[in-house]
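Below are the chains, spelled out letter by letter.
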Amino acid sequence: MGKTNPGRFFEDYRIGDVLSHAVPRTVGGGERALYHMLYPARHALYSSDEFAKSCGLVSSPLDDLINFHVVFGKTVPDVSLNAVANLGYAQGRWLLPVWPGDTLRAESEVIGLKQNSNGKTGVLYVRTTGLNQNDEAVLEYVRWVMVRKRDETAPAPETVIPDLPTTVAADQLVVPEGLDFTNYDFTLAGEPHRWGDYEIGEQIDHVDGVTIEEAEHMMATRLWQNTAKVHFDTSARPDGSRLIYGGHVISMARALSFNGLANAQMIVGINAGAHANPCLAGDTVRAWSEVLDKAETDAPGVGAIRLRLVATKGGAPFALKDDKGKYLPEVLLDLDYWALIPT
Amino acid sequence: MGKTNPGRFFEDYRIGDVLSHAVPRTVGGGERALYHMLYPARHALYSSDEFAKSCGLVSSPLDDLINFHVVFGKTVPDVSLNAVANLGYAQGRWLLPVWPGDTLRAESEVIGLKQNSNGKTGVLYVRTTGLNQNDEAVLEYVRWVMVRKRDETAPAPETVIPDLPTTVAADQLVVPEGLDFTNYDFTLAGEPHRWGDYEIGEQIDHVDGVTIEEAEHMMATRLWQNTAKVHFDTSARPDGSRLIYGGHVISMARALSFNGLANAQMIVGINAGAHANPCLAGDTVRAWSEVLDKAETDAPGVGAIRLRLVATKGGAPFALKDDKGKYLPEVLLDLDYWALIPT
Amino acid sequence: MGKTNPGRFFEDYRIGDVLSHAVPRTVGGGERALYHMLYPARHALYSSDEFAKSCGLVSSPLDDLINFHVVFGKTVPDVSLNAVANLGYAQGRWLLPVWPGDTLRAESEVIGLKQNSNGKTGVLYVRTTGLNQNDEAVLEYVRWVMVRKRDETAPAPETVIPDLPTTVAADQLVVPEGLDFTNYDFTLAGEPHRWGDYEIGEQIDHVDGVTIEEAEHMMATRLWQNTAKVHFDTSARPDGSRLIYGGHVISMARALSFNGLANAQMIVGINAGAHANPCLAGDTVRAWSEVLDKAETDAPGVGAIRLRLVATKGGAPFALKDDKGKYLPEVLLDLDYWALIPT
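Everything numeric here is computed off the predicted structure, so don't read it as measured data. (Residues numbered from 1 in each chain as written. Chains lettered and ligands numbered in written order. Predicted model: local features only at pLDDT ≥ 70, side-chain atom pairs only at ≥ 80, totals over all residues. Heavy atoms only, no water.)

**Brief notes about the relation of the copies chain A and chain C**
With an axial shift of 0.0 Å and an RMSD of 0.0 Å, the rotation relating chain A to chain C amounts to 120 degrees. Within this description, the copies of the chain are treated as partners about a three-fold rotation axis. Using C-alpha coordinates, one finds that chain A approaches the rotation axis most closely at G30 of chain A, a distance of 2.3 Å. Comparing interface residues between copies, only 18% of those in chain A also sit at the interface in chain C, which points to a heterologous contact through distinct surfaces. (Least-squares fit on C-alpha atoms with pLDDT ≥ 70 in both. Contact = heavy atoms within 4.5 Å.)

**Structural notes on unusual backbone geometry**
Residues and elements named next belong to chain A. Of note, V23 is a non-glycine position whose phi angle comes to about 65 degrees, a positive value. With respect to the helices and strands, V23 occurs in the loop between β1 (18–20) and β2 (25–26). Looking at V23, the relative accessible area reads 4%, which means it is buried. The backbone of Q225 shows a phi angle near 55 degrees, a positive value even though the residue is not glycine. Relative to the assigned elements, Q225 resides in the loop between α5 (214–223) and α6 (246–256). (Helix = DSSP H or I, 4+ residues; strand = E, 2+ residues; numbered from the N terminus. Buried < 20%, exposed > 50% of the residue type's maximum accessible area, 1.4 Å probe, protein only.)

**A few points about the relation of the copies chain B and chain A**
Between chain B and chain A, which share one sequence, the superposing operator has a rotation angle of 120 degrees and an axial displacement of 0.0 Å; the RMSD is 0.0 Å. Comparing interface residues between copies, only 18% of those in chain B also sit at the interface in chain A, which points to a heterologous contact through distinct surfaces.

**Looking at helix α3 (residues 64–80) of chain B**
Residues and elements named next belong to chain B. The end-to-end C-alpha separation of α3 is 22 Å, in line with the 24 Å expected for 17 residues at 1.5 Å each. Its axis deflected by about 35 degrees at K74, α3 carries its strongest bend there, up to four residues before the proline P77. For α3, the side-chain oxygen to backbone nitrogen distance between the N-cap and L65 is 2.9 Å, and the N-cap itself is D63. (Expected span 1.5 Å × (residues − 1). Bend = angle between axes of the 7 residues up to and from the residue. Polar contact = N/O pair within 3.5 Å; in protein donor to acceptor, adjacent residues only side chain to side chain.)

**Quick notes on the interface of chain B and chain A**
Contacts between the two partners involve 34 residues from chain B and, on the opposite side, 46 residues from chain A. A salt bridge links E202 of chain A to K3 of chain B, with the nearest nitrogen and oxygen atoms 2.5 Å apart. If you look at where chain B meets chain A, you find 20 residue pairs in polar contact (both at pLDDT 80 or more). Here the element with the most residues in the side of chain B that touches chain A is helix α5 (residues 214–223) of chain B; it accounts for six residues. Broken down by class, the residue content of the side of chain B that touches chain A amounts to 13 nonpolar, twelve polar and nine charged. (Salt bridge = Lys/Arg side-chain N within 4 Å of Asp/Glu carboxyl O. Nonpolar A, V, L, I, M, F, W, Y, C, P; charged D, E, K, R; others polar.)

**Brief notes about the environment of A154 of chain B**
All names here are of chain B. Within the fold, A154 resides in the loop between β6 (137–148) and α4 (186–189). Separated by eleven residues in sequence, A154 and P165 have C-alpha atoms that sit 31 Å apart. With residues up to four places along the chain from it excluded, the contact list for A154 reads E11, Q115 and K149.

**Focus on the interface of chain A and chain C**
With 34 residues of chain A at the interface, the matching set in chain C holds 46 residues. Regarding the contact of chain A and chain C, the summed buried area is about 3100 Å², with carbon and sulfur atoms giving 59% of it. Inspection of the region where chain A meets chain C yields five salt bridges. Residue E213 of chain C is joined to R242 of chain A by a salt bridge in which the shortest nitrogen-to-oxygen separation is 2.7 Å. Where chain A touches chain C, the interface holds 20 residue pairs in polar contact (both at pLDDT 80 or more). Sorting elements by how many residues they give to the side of chain A that touches chain C places α5 of chain A first, with six residues. (Buried area = accessible area lost by both parts, 1.4 Å probe.)

**A short note on the nonpolar core**
Within the largest apolar cluster, 189 residues are counted, with the highest numbers of intra-cluster contacts made by M37 and F68 of chain A, M37 and F68 of chain B together with M37 and F68 of chain C. Apart from the residues within four sequence positions on either side, M37 of chain A is in contact with L34, M37, L38, M219, R222 and L223 of chain B together with M37 of chain C. (Core = buried A, V, L, I, M, F, W, Y, C linked by side-chain atoms within 4.5 Å.)

**Side note on the domain arrangement of chain A**
Residues and elements named next belong to chain A. If you check the domain split of chain A, you get domain 1 (1–27 + 62–164) and domain 2 (172–343). Between the C-alpha centres of domain 1 and domain 2 there is a distance of 22 Å. Between domain 1 and domain 2, the residue contacts involve 23 residues of the former and 24 residues of the latter. Interface area for domain 1 against domain 2, summed over the two sides, is near 2100 Å², with a carbon-plus-sulfur share of 57%. Looking at the side of domain 1 facing domain 2, the largest losses of area belong to H69, Y89 and W94, adding up to 30% of the total buried there. Scanning the region where domain 1 abuts domain 2 turns up zero salt bridges. Linking domain 1 with domain 2 are twelve residue pairs in polar contact (both at pLDDT 80 or more), by the criterion used here. For the side of domain 1 that touches domain 2, the secondary structure elements donating two or more residues are α3 (64–80) and β3 (83–94). (Domains from an automatic or database assignment.)

**Focus on the side chain of T103 of chain B**
All names here are of chain B. The residue T103 is located in strand β4 (residues 103–115) in this model. Looking at T103, the relative accessible area reads 4%, which means it is buried. Looking at T103, its side chain comes within polar contact range of the side chain of T26, at 2.8 Å.

**Concerning the pattern of salt bridges**
This model, assessed by the stated rule, comprises 54 salt bridges over all chains. A salt bridge links R105 of chain C to E107 of chain C; the nearest nitrogen and oxygen atoms lie 3.2 Å apart. One continuous salt-bridge network, built from bridges that share partners, spans E11, D12 and R150 of chain A.

**Re the pairing of strand β11 (residues 302–312) of chain A**
All names here are of chain A. For β11, the buried fraction is high: ten of the eleven residues fall into the buried class. Where strand β10 (residues 284–296) lies against β11, ten bridges are found, and the strand directions are antiparallel. The residue bridging E290 from the neighbouring strand is R308, located in β11. If you look at the hairpin formed by β10 and β11, you'll find five residues sitting between the two strands, and G301 has a positive phi there, around 75 degrees. (Pairing = 2+ DSSP bridges.)

**Concerning the packing of helix α1 (residues 29–38) of chain B against helix α1 (residues 29–38) of chain C**
The geometry of α1 of chain B relative to α1 of chain C is characterised by a closest axis approach of 8 Å and an angle of 55 degrees between their N-to-C directions. With respect to α1 of chain C, the element α1 of chain B is oriented oblique. In the packing of α1 of chain B onto α1 of chain C, the handedness of the crossing is right-handed. Only G30, E31, L34, M37 and L38 of chain C of α1 of chain C make contact with α1 of chain B, whose side of the interface consists of G29, G30, A33, L34 and M37 of chain B. In terms of residue class, the contact of α1 of chain B with α1 of chain C is made up of six nonpolar, three polar and one charged. (Axes fitted to C-alpha atoms, helices over the stretch in contact; angles between N-to-C directions. Parallel < 35°, antiparallel > 145°, perpendicular 65-115°, else oblique. Left-handed = near helix turned anticlockwise from the far one by under 90°.)

**Thoughts on the packing of α5 of chain A against helix α5 (residues 214–223) of chain C**
Taken N-terminus to C-terminus, the directions of α5 of chain A and α5 of chain C make an angle of 60 degrees; their axes are 8 Å apart at the nearest point. Taken together, the axes of α5 of chain A and α5 of chain C are oblique relative to one another. Taken together, the residues of α5 of chain C that come into contact with α5 of chain A (itself represented by A215, M218, M219 and R222 of chain A) are A215, E216 and M219 of chain C. Taken together, the residues of the contact of α5 of chain A with α5 of chain C sort by class into five nonpolar, no polar and two charged.

**What about the packing of aromatic side chains?**
Ring pairs (aromatic) are described by centroid distance and by the angle formed between their planes. Under the counting rule described, the total for this entry stands at 39 aromatic pairs over all chains. Each ring, one from F68 of chain B and one from Y89 of chain B, has its centre 6.0 Å from the other, and the planes form 65 degrees; the classification is edge-to-face. Highlighted residues: F68 of chain B in helix α3 and Y89 of chain B in strand β3 (residues 83–94), separated in sequence by 21 residues. A residue is classified by how much of its surface remains accessible, and Y89 of chain B, at 5% relative accessible area, is buried. Where Y35 of chain C meets W224 of chain C, the ring centres are 6.4 Å apart and the plane angle is 55 degrees; that geometry is what we call tilted. (Phe/Tyr/Trp six-rings, centres within 6.5 Å; stacked < 30°, edge-to-face > 60°.)

**With respect to α6 of chain A**
Of all the eleven residues making up α6 of chain A, eleven are buried; the element is thus mostly covered by neighbouring parts of the structure. Residues G246, G247, H248, V249, I250, S251, M252, A253, R254, A255 and L256 of chain A constitute the buried set of α6 of chain A.

Rendered as structure tokens:
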């Protein structure tokens, strides 16, 4: 038993600790094909090398959320093996495209700690960075989780709560070098709607739904080397159900949002995110979006659009919270992100 | 709601319209591996680069049915989103091999329209062409579907029914450039039976069966970016079942037919096809074939064989229709195709 | 019916027969990605090209068990289509790495035959070799299976039982050319434990469990072109269950063993193996290991460790057999193998 990894507990973290996460991963055309098998992903820039070339890139990079999942998966053994809940995301930015053949690894810095008043758990804040084989940062985000203490009598650390802006400022978004939407082919992309056609406050029901199977969410989660046992082992939770990795819901909802947001090609920032309720096999996932903001960029023909993406397992579109401000029970995900879209 | 694609209805089509389908797709080794995971595909030419080289090709091309599924999937949003039924196929031809790294897109021309007497639906005929990144046609076929009208009072179009030969003439089949079966290795291919060993009228029971799971057919269908909701959403049909994409049955039956037709390496034509009854998860798919015709080709050592491929979910092999000429309820697929086989 | 393969029966084998198995297979990045989707595989050498380079290799080779499964799958139509039971393995050695783009085929030599006293079945011993496109052996192992006779009155062959050492001697293990663990990065690999930290007799509970789904084991088995019908067809066994391919359990247990044996990077030998009880969908697979032996190698920084890997579907860790020496009913696999690990 002494050789297996028990994970870290709340009292094991110190402000400033840098955790180098294990198992680098080379990603390529296989992962890309799998992503298209697991999700109804159709954004043209991630589907076609030719389309990506017509947008100024050398070929189609790996889907933005592949990068997120690979990096997130690496953090699980060090950050969330003993987590009770995934509480939030902030300050997420995609910094460089990931190309087939690149190798990703991840590091996290402890930036906040706050013991809960019950003395049994605490909130841990980490800033995670994904790096490629040249040690260039490709992605970064802040996540905070509630973690159990190993020993409830261990002293509480000094409380440090990081100052986290509620959004990524538009001028902090990184547009991939060379990206140019001036010759963008709206017919091949699938929809005619451009940056100027979306209004702040506009809501879009993405209409389609997907009923989720155990085999699918387990394969997706394993693909990212995320091994948290609640996703795989029916004996890990009292009711025998396997909890679906929140990232599976993110990717499913994002793919469903093609229908109405086909031109919101690349995710470049995450402002906030909440996994509002658990998702289980048998649930039928649907999605709706709301335009929260718009911004210009310096790249030719490229605008930025800030979107709320909500995934549900039922209920009416556009319903989010009850009159006490609590998420409705059918809401699975409330994600606030920036995407690049042709102007 | 105004930004999502409601699909076209019967009155939206005009003879001569050319529909450029969205979302080009680069295909490669990932898709090839997935095809082998989803189907018990074993035809050597699509399994081994070395075998393909020994047959005069530069490497193993993508499986003929991968090309069909990718092209078919692209047509769904423009052709069959409001379809009631997929009625038939004709004049299918594979025109060029697709190699790993190629990017496929698709176009369809409206070649026939006939409103049904109930005034609620009509039959739409399209000729679909799959194209690679050099705008070369790799595949073409005619499909006709029954489509709903948006407005039942819309006037009926002039009836145009295309003149469709019931078979692709053998001299119209395209043999891939360089294909040469004179040094064909029957041991590596898995069976000794050559063109001359098959007799017209001969029937072959392919023996093996595969019980189908929801996760598998959904992943297969998504892989081809076919997003018709009946395949994915348990709330889309009154009985809560998910209808299996007809192409999944085609690929499953074709793969099962290896056992008895291991040398019928490449599909080069589709003469006709009917999805006789729906297939649902839990069904055990089996297949049998009948030799319908044989023809010579100009390529060295390469013959053509015309086959009926029947997929069933039960019943006895070789039973197809009842005494009124109606497909038996256990018949899923009746496909009439041409394949290339060593002489 | 005459064209399908009925498989060989016991009386069809002769000592010295060499069976050339059909359907060569080119393997690449797609198969690698799928392996990571199907199993929680995390050994760094098979996950990252960069990690593999830091260990002296040109890039990450295909996972050792991918090679085993591909070769094993090819033997099924000739060796085990009419097998009643898979009885054992011996003398397994990995001889050369398999790189993306390599094409594998397999041959088996009949090295033993012994008719059972009931006259209905016999035991067949074969030595199987996997070969790459240059006809170099990449893998070899001996397997014995119980095979049915077609005709119970057929005469018994002369009994030949091969002399099979119970282990592969450490000096017979082949270390891949160039492998060098002197700069091994234990942080990236995921655990600090090296060769010297493991003691003979030490037992490790790998803690994690995975509940298995039908779709997953069927896809895994198909991926290796293993088409034995008991794995796919609910009508093939009296109780309607689909038997899970024993190799699926091997790969699942090996991947689970990362937790405690993250540095046992490469399997290089199989001494013995027993599929103790059948595994069915719904079973939750867990694993434990025992250190059986240790040896040095000539490669810099590279040691060998001999491990017993046991997969279970319940019960307590480290329980293997009852007091009569029979495997406990919850034990699925008892595998005895050699792996390479940094010293």
